[in-house]
Amino acid sequence: MQRRDFLKSAALASAAASLAGCNGKRTETVIPEPELPVTQGWQSCYVNCGSNCPIKFTVQDGQITQLETDDHGDDQYESRQIRACPRGRSLRQRVYSDERILYPMKRVGPRGSGEFVRISWDDALTEIHQRLEAIYQDSSQGGPESVFFPVSTGTSGMKTSGTGIWKRLFHQLGGYLGTRGSYSTHQVDTATQYTYGIGSVILNGLGSSTREIERSDLVLCFGYNPQETFMSGGGVSYEWSEALHRSDAEVIMIDPRYTESAGGKEQQWLPIRPGTDAALVAGIVYALWEIGAVDDAHVDRYAVGWTEASLPESAKGKNASYKAYILGDRDGVAKTPEWAASMTAVPAATIRELAAKLHRSKAPFIQMGWGLQRQANGENSARAIYTLVAIVGKFGLPGTSNAVGAHNGTHAYITPGIPAGANPVTKSIPCFLWTDAIERDLQQEPMTALTHDVLDSQRPGDPTVQLERNIRAIIVAGSNMLGNQHSNINRTHRLLAAEDSKVDFVLVSEIYMTPTARFADILLPEITQFETEDLVCDGWHSGDMANLLATTAAIAPRGESRSAYDICADIAERFGIRQTFTEGRTKAEWVRHLWQTPQASSSLSLPDFDEAKAHGVYREYLPASKPGFADFRADPQANPLKTPSGKIEIYSEAIANLTKDWDLPEGDEVTALPEFRAPWEGGVTDDPDYPFQVAVYHTKGRAHSSFHSHKVLREAIQDALWINPEDAAALGIQNNDTVRVSSRRGVIVVPARVTPRVMPGVAGLGQGAWRNASEVGQEDMGGCINTLTDHRPSPLAKGCTGGTLRVKIERA
Ligand SMILES: Nc1nc2c(c(=O)[nH]1)N[C@H]1C(S)=C(S)[C@@H](COP(=O)(O)OP(=O)(O)OC[C@H]3O[C@@H](n4cnc5c(=O)[nH]c(N)nc54)[C@H](O)[C@@H]3O)O[C@H]1N2
Ligand SMILES: Nc1nc2c(c(=O)[nH]1)N[C@H]1C(S)=C(S)[C@@H](COP(=O)(O)OP(=O)(O)OC[C@H]3O[C@@H](n4cnc5c(=O)[nH]c(N)nc54)[C@H](O)[C@@H]3O)O[C@H]1N2
Ligand code: SF4
Ligand SMILES: [Mo]
């Protein structure tokens, strides 16, 4: 088939699919064929993958015909080009997707049915104004606290577009219920706060650059997969593969799946049952102790709670040290490698070998990803890995990493955006708990500080803080949470679609007809980045390469789509605050204005704006000068950590105190030490009805649900359920068979990929596939992981547990 024919038929096939699924409003679009370049300019791939790669576009006759990427300079290691991955290079499929929403729409069918009619912008704005005003003015049950923004990561990197603009408007309208934490890292952030003293793993200045691997002799990774999760050509995946190439280090990957980051470069793949890393760490520490490899005095110098001597007064005399836990002094269970093997499925002999290697290693580079903490016991898994760092004791030396990750804040160009301003509402909930604020009748049964960690920033630490107002309006801009990304989507569907739903108004501003867009009462069409200008700097995971770019609009907005800025300015006008919102500037004027604003920590002197637009990418290589914890190691008194003790806190008195009064649901436990607790639906408890655990991962075919509508990517990276050949044989499943995967929450139907790249007893499934089910409980033919997951939060952070689930697998 010719390329032109292929693209046409792909577009036709997808148009047919979307007509069946949606409302039939869109027209079929054929992606234009590349021809001779006419105009070129610079754009960026804005998405929450951690990078923002430069994209060079070519336009002919008002159509984008070709996309390329960074082509500046000599492309040596320290001046490397930041090359977009296949997702960024396929962005024409975003602009010209037949899933694009091109007109404002109003719901006509039941909420979630996806039945809409086209309306005018004027009618849409009038209705939005009326609905919001009614809720804001209702002093008995409404008001700002009843307005909600779900976590929205789809516009990461945009400075004058996207979610931040919507938040600016809503801050000025009176605010909304706040959220804390993220779906990405809530448990590990919490672990980092209590163990290392800083409550974020991103850009926190604590970790080592990936480049330290060049000086390491042992790379030990717990669920770390940069080749897939940090794919930018200039960022961490590049640094990872270069560093492995330049280093002689032995590489050991601990992951239920054999990942791309292993990909033939590792010496050892240790498959582990999901949710059992804290047990593995305990077994390794026992084995270290067994061979006399733990220097108690050294560990106690830097850490609290390894031995009795370093425990805080409040914990003394109770066998509360980690050593006592390991030796079984309190619970009578020694955490021997044999015990750990029975929990993790990593053989005891392998655990002993691993301990011996850590002991011999001069510079162990210990690293963790975040899949292992997006689970029911994620806080303790992450805390346990930090504990291993402390007990091995070699942190801070050249070639080491303290497991925080390559997010150490060397990024220089933190370009400001249009200021979002502050939220006048001071109450907040952990971000994962929003559906509870719909389901419960909060006037009767409030969410409280002690049950749901509700906080009021004006009353810090006050245990009587509570949330008494249900969520009544949901504003979605840059998020697919309602229909896809939040756990237990069938439940959310039920809560939003019920005739008597407590939610009166759902406003969705989107580019595509996503599963979330289908839940809108009013649906607004936003432009893509190719239809506007903006500023770009490096993302939250771009490695040691900083960059800066001013982008240009490539084409005029498609259909009646508009920028978030222009939409919000018009809504502001209806509320009589246009001038406050715009400060008298158009979007383009803001871009120019922000360019003049001094860059946070840049050493680059900014060129003239118009010159910059023509030039394209500015880059600067800014490596970390030291490994993480180098100063702390050299002099822990002079350079203490920000924990209460100034040391690494294996035992956390703060956790012990904080949770003393908490009202935890049955089965939840919060421990002052990073003790192993099997997750509910864990690997250790057998469940004959749902025999498989699932290793959930972020696939290279998407960033979450973003890019799902790019048909080339769906073809290239099939959304299939990975299943081990042993398990497949037992179930009579062949490669590519269609399988029905069910949990206690729902059923998905997907193809099976029979592969030894996933361990027996565990299935592998990428997250982010678009749910395809128009009714609650219907089989989801799209294969969305959150049809299967549970909405129950983790015990301490109250974070997303989207990686804790058991399923049954059958041939469909
Ligand atoms: N291609 C791509 N890149 C992305 C994203 C994307 O969607 N696609 N999303 C971006 C965002 S927002 C985030 S937050 C990050 C996410 O980054 P991560 O959370 O680190 O990514 P995951 O793929 O969820 O998990 C990493 C690995 O952990 C393994 N794993 C799962 N459970 C366990 C366990 O219990 N123990 C161990 N040892 N391993 C386990 C998985 O098999 C996987 O290989 O990635 C970012 N980058
Ligand atoms: N079970 C399970 N669930 C998970 C995860 C998991 O590992 N397992 N991962 C979690 C993680 S780490 C994250 S970060 C979240 C991510 O979840 P989300 O934050 O919902 O991210 P996306 O799915 O990428 O959805 C972003 C949306 O923004 C839209 N968008 C893009 N550009 C624009 C724009 O300019 N304007 C507007 N208005 N919209 C735009 C896109 O079309 C897309 O629909 O998912 C979480 N959910
Ligand atoms: S690495 Fe991320 S930012 Fe870069 S092109 Fe790929 S998806 Fe886009
Ligand atoms: Mo994330």
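Notes on the structure in this doc start here. (Residues numbered from 1 in each chain as written. Chains lettered and ligands numbered in written order. Predicted model: local features only at pLDDT ≥ 70, side-chain atom pairs only at ≥ 80, totals over all residues. Heavy atoms only, no water.)

**Let's talk about the pattern of salt bridges**
Counted according to the given criterion, the structure contains 51 salt bridges. Taking the shortest distance from any N to any O, the salt bridge between Lys-626 and Asp-631 comes out at 3.1 Å. Among the residues examined, Lys-626 registers a relative accessible area of 40% and is labelled partly exposed. The class of Asp-631 is partly exposed, set by a relative accessible area of 38%. (Salt bridge = Lys/Arg side-chain N within 4 Å of Asp/Glu carboxyl O. Buried < 20%, exposed > 50% of the residue type's maximum accessible area, 1.4 Å probe, protein only.)

**So, the packing of helix H9 (residues 277-290) against helix H14 (residues 378-392)**
The relative placement of two packed helices comes down to the angle between their axes together with the axis-to-axis distance. Running from N to C, H9 and H14 cross one another at 20°; their axes reach a closest spacing of 8 Å. Put simply, H9 runs roughly parallel to H14. In the crossing of H9 with H14, the sense of the turn from one axis to the other is left-handed. Between H9 and H14, the contacting residues are Asp-277, Ala-278, Val-281, Ile-284, Val-285 and Leu-288 on the first element and Asn-380, Ser-381, Ala-384, Ile-385, Leu-388, Ile-391 and Val-392 on the second. Taken together, the residues of the contact of H9 with H14 break down into 10 nonpolar, two polar and one charged. (Axes fitted to C-alpha atoms, helices over the stretch in contact; angles between N-to-C directions. Helix = DSSP H or I, 4+ residues; strand = E, 2+ residues; numbered from the N terminus. Parallel < 35°, antiparallel > 145°, perpendicular 65-115°, else oblique. Left-handed = near helix turned anticlockwise from the far one by under 90°. Contact = heavy atoms within 4.5 Å. Nonpolar A, V, L, I, M, F, W, Y, C, P; charged D, E, K, R; others polar.)

**Details of the pairing of strand E20 (residues 522-525)**
Neither face of E20 is exposed, since Ile-522 and Leu-524 on one face and Leu-523 and Pro-525 on the opposite face are all buried. Looking at chain direction, strand E4 (residues 105-107) and E20 are connected through two bridges and run antiparallel. By the bridge assignment, Met-105 is partnered in E20 with Leu-523. The pairing of strand E19 (residues 505-510) with E20 spans four bridges and is classified as parallel. Bridge assignment links Val-508 to a residue of E20, and that residue is Leu-523. (Pairing = 2+ DSSP bridges.)

**Some points on the sheet that holds strand E8 (residues 218-222)**
The five strands lie next to each other as E10-E9-E8-E12-E13, forming an open sheet whose pairing is parallel. In this open sheet, the two strands that pair with only one neighbour each are strand E10 (268-270) and strand E13 (401-403). Recorded for the sheet is a direction-independent mean angle of 15° between the axes of neighbouring strands. Of the pairings in the sheet, the one linking strand E9 (residues 250-254) to E10 comprises three bridges and is parallel in character. From the neighbouring strand, Ile-254 faces E10, where its bridge partner is Leu-270.

**What about the site of ligand 2?**
Of all residues adjacent to ligand 2, which total 34 residues, the nearest are Asn-480, Glu-510, Ser-705, Ser-706 and Asn-786. Taking Gln-485, its main chain carries an N or O atom lying 2.9 Å from a nitrogen atom of ligand 2. Contact distances for ligand 2 include 2.5 Å between an oxygen atom and a side-chain N or O atom of Glu-510. Contact with the protein chains removes 98% of the 920 Å² of surface that ligand 2 exposes when unbound. Elements represented by at least two residues in the shell around ligand 2 include exactly helix H17 (481-485), E19 and strand E25 (692-698). Classifying every residue of the shell around ligand 2 gives 10 nonpolar, 20 polar and four charged. (Near = heavy atom within 4 Å. Polar contact = N/O pair within 3.5 Å; in protein donor to acceptor, adjacent residues only side chain to side chain. Areas by Shrake-Rupley, 256 points an atom, 1.4 Å probe, with all protein chains shown as cover.)

**Let's talk about the packing of helix H6 (residues 186-196) against H14**
It is at 8 Å that the axes of H6 and H14 come closest, and there the two elements cross at 45°. Judged by the angle between their axes, H6 and H14 are oblique. For H6 against H14, the interelement crossing comes out right-handed. Residues Gln-187, Val-188, Ala-191, Thr-192, Thr-195 and Tyr-196 of H6 touch H14, and the partners they reach there are Gly-378, Glu-379, Ala-382, Arg-383, Tyr-386 and Val-389. Partitioning the contact of H6 with H14 into residue classes produces six nonpolar, four polar and two charged.

**Focus on the side chain of Thr-400**
Relative to the elements of secondary structure, Thr-400 occurs in the loop between H14 and E13. Within the structure, the side chain of Thr-400 is placed 3.3 Å from the backbone nitrogen of Gly-396, a separation counted as a polar contact. The residues contacting Thr-400, other than those within four sequence positions of it, are Ser-208, Glu-212, Ala-363, Pro-364, Phe-365, Lys-394, Phe-395 and Pro-627.

**Remarks on the environment of Thr-552**
Among the secondary structure elements, Thr-552 is positioned in the loop between strand E22 (545-551) and helix H19 (564-574). Separated by 511 residues in sequence, Thr-552 and Gly-41 place their C-alpha atoms 6.4 Å apart. Leaving out residues up to four positions away in the same chain, Thr-552 has contacts with Trp-42, Gln-43, Phe-57, Thr-532, Glu-533 and Lys-613.

**Focus on the environment of Leu-173**
Mapping Leu-173 onto the fold places it in helix H5 (residues 163-173). In this structure the C-alpha to C-alpha distance between Leu-173 and Pro-430, which are 257 residues apart in sequence, comes to 23 Å. Non-local contacts of Leu-173, meaning those with residues more than four positions away in its chain, are made with Tyr-136, Phe-575 and Ile-577.

**A word on the sheet that holds E22**
Spatially, the three strands line up as an open sheet ordered E21-E22-E23, and their pairing is antiparallel. Each edge of the open sheet carries a strand with a single partner, namely strand E21 (534-537) and strand E23 (618-621). Adjacent strand axes in the sheet meet at a mean angle of 10°, parallel and antiparallel pairs treated alike. Here four bridges tie E22 to E23, and the two strands are oriented antiparallel to one another. Across the sheet, residue Leu-548 finds its bridge partner in E23, namely Tyr-618.

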